[in-house]
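The lines below spell out each chain.
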Amino acid sequence: MERRRSFPDVLVGGIFVLIGGAFAVGSLSYELGTPLRMGPGYFPLLVGAILAALGLGIVLKGLVAGEVVSFGTVPWRAVGVIVLALLFFGFTVRRLGFVPTSAVTALLTTFASTRVRPLMAVAVAAGLTLASTLIFVVALQLRIPLFGPWLPF
C-alpha cells in the first residue's frame with residue numbers, strides 16, 4: 001500500500017501551527033487571569049493553542065492520508081481586494097468611526113467575487129455592519145467611536 005503525502009495540507013498546517021504558536025507565545029506577556037475572570041492574555045492564548053492544535057492535525061492528516069491536489073489559478077483579484085479592505089479598516093477605523101469603516105470594508109470584500117451583484121453587495125455590507133456593531137460595540141462594549149472626527153456629524 002502506497003502512502004501519499006499532501007504537500008498543501010502539510011504547508012497550510014505548518015502555517016497554522018506557526019501563527020497559533022506566535023499568538024500563544026505573545027499572549028504570555030499579558031496577564032492570563034482565570035477562566036471566570038479572564039485577563040487580556042487569556043483569549044489570545046486559547047485561540048492560539050486551538051489554532052496550533054488544528055494545524056498539527058492538518059499536518060498529520062497530510063502526512064498520513066494525503067490526497068494529490070493540484071493548485072488551480074490564484075484569484076489575484078480576490079486576494080488584492082481583501083488585503084486592501086483589511087488595510088483600509090486598520091488605517092481608518094479611529095478616524096472615520098466603526099460604522100462607516102465597517103460598511104466600506106464589507107462592501108470592498110464583496111467585490112472579491114465576480115458573481116456578486118451591486119444590490120446584493122450593499123445588502124451584505126449593511127447586514128455585516130449592523131451585526132458587527134451590535135456584537136462589538138453594543139454587546140462587547142468596545143470603546144470604538146461609531147462615527148469619527150473625519151465626519152461632520
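Residues numbered from 1 in each chain as written. Predicted model: local features only at pLDDT ≥ 70, side-chain atom pairs only at ≥ 80, totals over all residues. Heavy atoms only, no water.

## Describing the side chain of threonine 133
Phase 1: Take threonine 133: it is sitting in helix H5 (residues 118-139).
Phase 2: Threonine 133 gets classed as buried once you look at its relative accessible area, which sits at 12%.
Phase 3: Leave out the neighbours within four places in its chain, and threonine 133 touches Phe98, Val99, Val138 and Leu146. (Helix = DSSP H or I, 4+ residues; strand = E, 2+ residues; numbered from the N terminus. Buried < 20%, exposed > 50% of the residue type's maximum accessible area, 1.4 Å probe, protein only. Contact = heavy atoms within 4.5 Å.)

## Notes on the packing of helix H3 (residues 76-96) against helix H4 (residues 98-110)
Phase 1: Contact geometry for H3 and H4: axes closest at 8 Å, N-to-C directions at 175°. Regarding the angle of H3 to H4, the classification is roughly antiparallel. Here Val81, Ala85, Phe88, Phe89, Thr92, Val93 and Leu96 of H3 come into contact with H4, specifically with Phe98, Pro100, Thr101, Ser102, Val104, Thr105, Leu108 and Thr109.
Phase 2: Broken down by class, the residue content of the contact of H3 with H4 amounts to 10 nonpolar, 5 polar and no charged. (Axes fitted to C-alpha atoms, helices over the stretch in contact; angles between N-to-C directions. Parallel < 35°, antiparallel > 145°, perpendicular 65-115°, else oblique. Nonpolar A, V, L, I, M, F, W, Y, C, P; charged D, E, K, R; others polar.)

## Some remarks on the environment of leucine 128
Phase 1: Inspection of the secondary structure assignment puts leucine 128 in helix H5.
Phase 2: Spatially, the C-alpha atoms of leucine 128 and leucine 107 are 9.3 Å apart, while their sequence positions differ by 21 residues.

## Quick word on the packing of aromatic side chains
Phase 1: For the structure shown, the criterion picks out 2 aromatic pairs.
Phase 2: Their ring planes at 85° and their centres at 6.3 Å tell us that phenylalanine 89 and phenylalanine 98 sit as a pair that is edge-to-face.
Phase 3: Counting every residue linked through ring pairs, the aromatic cluster contains Phe89, Phe98 and Phe136. (Phe/Tyr/Trp six-rings, centres within 6.5 Å; stacked < 30°, edge-to-face > 60°.)

## Description of unusual backbone geometry
Phase 1: In this structure, glutamine 141 takes a positive phi of about 55° despite not being glycine.
Phase 2: As for its position among the elements, glutamine 141 is in the segment after H5.
Phase 3: Looking at glutamine 141, the relative accessible area reads 60%, which means it is exposed.

## Quick look at a nonpolar patch on the surface
Phase 1: Side chains of Phe7, Leu11, Val12, Ile15, Phe16, Ile19 and Phe23 sit close together on the surface and give an oily, nonpolar patch of about 630 Å² of accessible area.
Phase 2: Looking at the element boundaries, isoleucine 15 is found in helix H1 (residues 7-27).
Phase 3: On the basis of relative accessible area, isoleucine 15 is assigned to the partly exposed category, the value being 40%. (Patch = residues over 30% accessible without salt bridge, like charges linked within 9 Å, V, L, I, M, F, W, Y side chains within 5 Å. Areas by Shrake-Rupley, 256 points an atom, 1.4 Å probe, with all protein chains shown as cover. Salt bridge = Lys/Arg side-chain N within 4 Å of Asp/Glu carboxyl O.)

## Some remarks on the pattern of salt bridges
Phase 1: This model, assessed by the stated rule, comprises 1 salt bridge.
Phase 2: A salt bridge links lysine 61 to aspartate 9; its shortest N-O distance comes to 3.0 Å. With lysine 61 in helix H2 (residues 42-64) and aspartate 9 in helix H1, the pair connects residues that are 52 residues apart, well separated along the chain.
Phase 3: A relative accessible area of 21% means that aspartate 9 is categorised as partly exposed.

## So, the confidence of the model for the chain
Phase 1: Summarising the model, the chain shows a mean pLDDT of 91, and 94% of its residues fall at 70 or more.
Phase 2: Averaged over each element, pLDDT in the chain is lowest for H1 (93) and highest for H4 (96). (pLDDT = per-residue confidence, 0-100.)

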